[in-house]
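Listed below, chain by chain, are the residues.
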Amino acid sequence: MSRAIYPGSFDPVTFGHLDIIKRSSEMFDELIVGVLYNSAKTPLFSVAERTQMLEEAIREYENVIVICFDGLLIDYMKKHDISVIVRGLRAITDFDYELQIAQSNRKVSDETIDTVFLTTSIDYAYLSSSIVKEYARYGTDVSDFVPSHVAAKLKERFYKMQ
Ligand code: PNS
């Protein structure tokens, strides 16, 4: 059985992430979406909230599950016998960072792990969780960028912060 993991912060999940999930779920028997901790970012939503938003968004896919953990991605992968990481590439600006992570994950895993890159659909090439949060913070409708339950959650969060 082929298995892959799609890791990320997903703070929150966007249509860009869901496009990668849909396409990679068609390439592997099982796709695990991992909500992880990125030490370079301060998230708006807790891991539990991000996981719950993702779970609701991926309901239609029978071979996709959502997990969360605090720790190294490669440790989780070794423990669960997963050897492929999926990541999306939006533009050349993503490439330096993604290449560095992919190469270091491969090195630290004694070359047992590979990263597969999917190019993000042109429709979502400009999209990021940060941009969505910035628009939502100022009351702009973000339903073109995220599922409706995520848009509602953003609205609620920023309303409470006012
Ligand atoms: O969506 P992001 O924030 O670009 O995803 C980055 C993420 C969460 C995949 C990366 O930070 C990660 O793998 N974190 C888990 C800890 C880890 O394994 N770190 C080593 C590689 S940076």
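As the structure is a computational prediction, the values presented were derived from the model and not from experiment. (Residues numbered from 1 in each chain as written. Predicted model: local features only at pLDDT ≥ 70, side-chain atom pairs only at ≥ 80, totals over all residues. Heavy atoms only, no water.)

For the rest of this paragraph, the subject is unusual backbone geometry. Omega for the bond connecting D11 with P12 falls within 30 degrees of zero, at 0°, which places this linkage in the cis form. If you trace the backbone, P12 turns up in the loop between β1 (3-8) and α1 (15-25). Phi at D81 is positive, roughly 55°, even though this residue is not glycine. Here D81 lies in the loop between α3 (73-79) and β4 (84-89). Overall, D81 belongs to the exposed group, its relative accessible area being 67%. With a phi angle near 60°, E111 is a residue other than glycine that sits in the positive phi range. Since its relative accessible area comes to 53%, E111 is described here as exposed. (Helix = DSSP H or I, 4+ residues; strand = E, 2+ residues; numbered from the N terminus. Buried < 20%, exposed > 50% of the residue type's maximum accessible area, 1.4 Å probe, protein only.)

So, about the site of the ligand. Taken together, P7, G8, S9, L36, Y37, N38, K41, G71, L72, L73, R87 and Y97 form the complete shell of residues around the ligand. Here a nitrogen atom of the ligand and a backbone polar atom of Y37 are 3.2 Å apart. N38 has a polar side-chain atom sitting 2.8 Å from an oxygen atom of the ligand. Summarising the interface, the protein chains cover 79% of the accessible area of the ligand, which totals 530 Å² for the free molecule. (Near = heavy atom within 4 Å. Polar contact = N/O pair within 3.5 Å; in protein donor to acceptor, adjacent residues only side chain to side chain. Areas by Shrake-Rupley, 256 points an atom, 1.4 Å probe, with all protein chains shown as cover.)

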